[in-house]
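Chain and residue survey
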Amino acid sequence: MKETVWGMIGCGDVTEKKSGPGLYKANGSRLKGVYNRTEAKAHDWVKRHGYGRVYATVEELLADEEITAVYIATPPATHFDYAMQVIAAKKVPLIEKPMARTFEECQAILDAAGEKDLPVFVSFYRRALEKFQKIKELLDDGAIGQPQLVEIRQYQQPAPEDLDKDNLPWRLQPAAGGGKDLDIQVHVLDYLAYYFGDITAMTGIVENRAGLYEVEDTVSASFRFANGVVGSAAWCYVADFELDEVTIIGSGGTLVFEGTSFEGLRLIKDGETTTYTFETPEHVAMPFIQTVVDELNGQAKSPADAASAANGIRMFDVLLKDYRKRYES
């Protein structure tokens, strides 16, 4: 049986339970190397997980000929440089979302990989989860007729970390590629693109209402998918209550579900509601990692689509362009 041998760059929170264990637990997969900018953190990760060995530098990890793929689990500002190094070493990159800070960076990654005939994967792991596969199945089977309209609403109260201006997380730092939409809503728009085709147009109003940080905190957006479905989104991260809801309206029914959770789904049709429930995997990225490994090992095609991931960033570039100019000035 073929085997995918992984290196991992970065060992922050996302690698602890969500994704890292999938590299050594997936069938046909082995984690060999771990690198972190702070070497002691890499040693601590390896000791606690019991898998992999620590490499002192990225160059040392990439020089290991046994490693065939590299998971880049670092903040977005570093994705481009690491991905280009991985590709130059003729290894397959699996990049944490968002793929990069700008579409220009995304396209350069795809072009470099294309020159070496390498696939690129972006960790939009919801595509492989049971709930989102079920939504695709219902849509493909015509359970709601012809899909017409998508409505996304996510409102959050500020998190405690949002209030510490001297120690903001990367998702709230412009230089790090921040913005909660790029951290959270790229997932939602990605699986919707999986259902309806890439977003072909996007516009909206972007503001910072609370002044807690430089990146946007309130957005109203409109967009259109390749198959003609139109959508709207309202995202506010300085609200006084929490709501996370996506509604897909069709000619013969409606799907309603939490946009970022992994459990519930409602099908409303002919005045009746059918509820589907799903279990959250112990490691939510592992089903997706398994599909990547299966593709690399020649067993099955992954639902991953790096070109679509890059297009999502292109659309956010369009949406956020004017606002970014304001805070950069």
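Quick caveat, the model's predicted, so the values are computed rather than measured.

1. Focus: the environment of Thr4
Counting through the fold element by element, Thr4 comes out in strand E1 (residues 4–9). The exposure class assigned to Thr4 is buried, which follows from its relative accessible area of 2%. Separated by 26 residues in sequence, Thr4 and Arg30 place their C-alpha atoms 6.3 Å apart. Excluding anything up to four places from it in sequence, Thr4 contacts Gly28, Ser29, Arg30, Thr68, Ala69, Val293, Leu296 and Asn297.

2. Some points on the layout of surface pockets
One water molecule sets the probe size; rolling that probe over the atoms shows where empty space is left. Approximately 1200 Å³ is the volume found for the largest pocket. Lining of the largest pocket is provided by 38 residues; of these, Gly12, Asp13, Thr74, Pro75 and Trp170 occupy positions nearest its centre. Sorting the residues of the lining of the largest pocket by element identifies helix H1 (13–16), helix H5 (79–88) and helix H8 (180–196) as the ones contributing at least two each. Its residues placed into classes, the lining of the largest pocket shows 15 nonpolar, 11 polar and 12 charged. Lining the lining of the largest pocket are residues from two domains, each supplying at least three of them: domain 1 (4–123 + 285–298) and domain 2 (130–280 + 312–325). By volume, the second largest pocket amounts to about 180 Å³.

3. Details of the sheet that holds strand E7 (residues 147–155)
Read across the open sheet, the eight strands follow the order E8-E9-E10-E7-E11-E12-E13-E14; overall the sheet is mixed. Two strands bound the open sheet, and with one partner strand each, they are strand E8 (199–207) and strand E14 (272–276). For this sheet, the mean angle separating the axes of adjacent strands, direction not counted, is 15°. Inspection of the sheet shows strand E12 (residues 253–257) paired to strand E13 (residues 265–269) by three bridges, in the antiparallel sense. Directly across from Val256, in E13, lies its bridge partner Arg266. Lying on the sheet, helix H10 (residues 306–328) is in contact with E8, strand E9 (218–225) and strand E10 (230–236); it crosses E8 at an angle near 25°.

4. Details of the pairing of strand E2 (residues 29–35)
Judged by how many residues are buried, E2 sits mostly within the fold: six of seven residues are covered. Pairing analysis gives two bridges linking E2 to strand E3 (residues 53–54), with the strands arranged parallel. Bridge pairing links Val34 to Val54 in E3. On the question of chirality, the crossover connecting E2 to the parallel E3 by way of helix H3 (residues 39–49) is right-handed.

5. Some words on the environment of Pro169
Here Pro169 is to be found in the loop between E7 and H8. Taking the C-alpha atoms as reference points, Pro169 and Pro75, 94 residues apart in sequence, are found 9.8 Å from one another.

How each quantity is defined
Residues numbered from 1 in each chain as written. Predicted model: local features only at pLDDT ≥ 70, side-chain atom pairs only at ≥ 80, totals over all residues. Heavy atoms only, no water. Helix = DSSP H or I, 4+ residues; strand = E, 2+ residues; numbered from the N terminus. Buried < 20%, exposed > 50% of the residue type's maximum accessible area, 1.4 Å probe, protein only. Contact = heavy atoms within 4.5 Å. 1 Å grid on protein atoms, 1.4 Å probe; cavity = no way out; pocket = protein on both sides within 12 Å on 5 of 7 lines; lining within 4 Å. Points joined across faces, edges and corners; volume = space filled by probe spheres on them. Nonpolar A, V, L, I, M, F, W, Y, C, P; charged D, E, K, R; others polar. Domains from an automatic or database assignment. Pairing = 2+ DSSP bridges. Axes fitted to C-alpha atoms, helices over the stretch in contact; angles between N-to-C directions. Right-handed = clockwise from strand over helix to strand, strands pointing away.

Everything listed here is a matter of geometry and, on its own, says nothing about what the molecule does.
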